[in-house]
Each structure stands twice: as C-alpha cells, then as structure tokens.
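# Structure assessment
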Amino acid sequence: MSGFGRLTAAGVSVAGLCLALSSWPLAALEVGEEAPIFELPGLRAGTDSEVVKLSDYRGKVVYVDFWASWCAPCKASFPMLAKLDRELGARGFQVVAIGIDEKPTAAEAFVKKLNPGFPTLHDLGQKLVRRVEVPTMPTSFLLGRDGKVRFIHRGFHGDRTESELRRQIAELLAETNP
C-alpha cells in the first residue's frame, strides 16, 4: 500500500473511532440526577485504610467536593467547608472531599496541612472525576437526602460561595421527605 493509501486508511479508522466515541452518552453529572455510587480510600489520619462509600451518608445532605493539591481556590475553600461541616453536621449535613491528585503523597500532604475534619478521599486513577466530568477545580455537587444532585458549584468565590451554599444547604435540610 502506498503512503497515501496508508494515510487514507488510517484517516478513515480515526474518523470511525471519533464517530463511535461521539455517539457514547455524555457522563456529565447534572442537577436532578442520582449521584454515582463510589467507594474510595480515605486520606486523613484514621481513615487511611478505610474505604468510604457515598451510601454511608444516605439520608443526609452531602456536599461532594472535588479538589486538587495544586489548586489555590481548593485550598481557600477548605476552612469554610470545615466550618460548615462543624456547624451543620448535627442537622444532617456532611462534607465529603475527593482529591484527584495523581500522586498520593501530594494529596496526603495537602490534607495533613489543612486538617479539615471531614472525610477526605482519594480518587487514585481519576476514574470518578472522569465519570462525572468535573470541568474545573474545585467543582462540588450538593446532594439532597435522596442522593440526587440539587446544586452544582464550579470554582470557589469566597464569601459569595459561602453565602450561596448556606442558603442552599438550609433549603435542603428543611425538606422533610427525600
């Protein structure tokens, strides 16, 4: 086969593959959808060997936060998230933070330094973050007691994010039946 023939055959194969991939349904997690079930290892002292499941928090309002150690807004958001978790935990609110760092040591150092007080997990291999198509760091999904996504937060914008989040959490905590 000539060079042009090989190039044309390869082009057809690549075009066919692109067409096949583009016909797959997108996995982006959207408001109203059930959050994906996951089991991930913990990063904090005391949870290092534990596997944490989203189902452990069924019936609670859960803030699932995707973060990375290299992300400055992620670092800025952790004290606020820790405060919300402490203040609202007794009412049925839970923060679950999922680190996406490729190197576990980077994620572990981040958590050790910030010591957030809420479950911090590691998505080693980034399977979950790809599954929900997280567009930016941090991205968070606020789940109702029924496990469905009710609000999505992209980025962290200080007081504005905290105010909006408090309003949304209060709304979800006030709901009686999932």
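Structure report, in brief. Only a predicted model underlies this, so the values are computations on that prediction, with no experimental measurement involved.

## A short note on the overall build of the chain
Assigned secondary structure in the chain consists of five helices and seven strands. Starting at the N terminus and walking to the C terminus, you meet the elements of the chain as α-β-β-β-α-β-α-β-α-β-β-α. Out of the 178 residues in the chain, the part that is buried amounts to 44%. In the chain, the proportion of contacts linking residues at least 24 apart, taken out of those at least 6 apart, comes to 71%. Counting every atom, the chain has about 9900 Å² of accessible surface; 57% of that belongs to carbon and sulfur.

## Topic: the sheet that holds strand E3 (residues 61-67)
Reading across from one edge, E5-E4-E3-E6-E7 is the order of the five strands in this open sheet, with mixed pairing throughout. Across the chains shown, the open sheet's two edge strands, defined by having one partner strand only, are strand E5 (120-122) and strand E7 (149-154). Across this sheet, the average inter-strand angle for adjacent strands is 20°, counted without regard to direction. As defined by bridge partners, strand E4 (residues 93-99) adjoins E5 across three bridges and the pair is classed as parallel.

## Overview of the pattern of salt bridges
Taken as a whole, this structure holds five salt bridges when the rule is applied. The residue Arg58 makes a salt bridge to Glu34 at a minimum N-O spacing of 3.0 Å. One end of the pair, Arg58, is in the loop between strand E2 (51-53) and E3; the other, Glu34, is in the loop between helix H1 (3-22) and strand E1 (39-41), and 24 residues separate them in sequence. Accessibility expressed as a relative area gives 53% for Arg58, which makes it exposed. In this structure, a network of salt bridges that share partners links the residues Lys83, Glu87, Glu162 and Arg166.

## Here we look at the pairing of strand E6 (residues 139-143)
Of all the five residues making up E6, five are buried; the element is thus mostly covered by neighbouring parts of the structure. Side chains Thr139, Phe141 and Leu143 of E6 all project onto a buried face; the interleaved residues Ser140 and Leu142 project onto the opposite face, where all are buried too. In terms of strand pairing, E3 meets E6 through five bridges, oriented antiparallel. Opposite Asp65, over in E6, you have Ser140 as the bridge partner. Examined bridge by bridge, E6 and E7 share five bridges and lie antiparallel to one another. When the sheet's bridge partners are listed, Leu143 is paired in E7 with Val149. The antiparallel hairpin formed by E6 and E7 contains five residues in its connecting segment, where Gly147 sits at a positive phi of about 85°.

## Re empty space enclosed by the protein
According to the stated counting rule, one finds two cavities of 30 Å³ or more in the structure shown. One number sums up the size of the largest cavity: a volume of about 70 Å³. Along its surface, the largest cavity is lined by Leu29, Ala35, Pro36, Phe38, Leu54, Val64, Phe66, Leu128, Val132, Phe141 and Leu143. When residues of the lining of the largest cavity are traced back to their parent elements, those giving at least two are E3, helix H4 (127-132) and E6. Of the residues that constitute the lining of the largest cavity, the class distribution is 11 nonpolar, no polar and no charged. Computed from the structure, the second largest cavity encloses a volume of approximately 50 Å³.

Calculation criteria
Residues numbered from 1 in each chain as written. Predicted model: local features only at pLDDT ≥ 70, side-chain atom pairs only at ≥ 80, totals over all residues. Heavy atoms only, no water. Helix = DSSP H or I, 4+ residues; strand = E, 2+ residues; numbered from the N terminus. Buried < 20%, exposed > 50% of the residue type's maximum accessible area, 1.4 Å probe, protein only. Contact = heavy atoms within 4.5 Å. Areas by Shrake-Rupley, 256 points an atom, 1.4 Å probe, with all protein chains shown as cover. Pairing = 2+ DSSP bridges. Axes fitted to C-alpha atoms, helices over the stretch in contact; angles between N-to-C directions. Salt bridge = Lys/Arg side-chain N within 4 Å of Asp/Glu carboxyl O. 1 Å grid on protein atoms, 1.4 Å probe; cavity = no way out; pocket = protein on both sides within 12 Å on 5 of 7 lines; lining within 4 Å. Points joined across faces, edges and corners; volume = space filled by probe spheres on them. Nonpolar A, V, L, I, M, F, W, Y, C, P; charged D, E, K, R; others polar.

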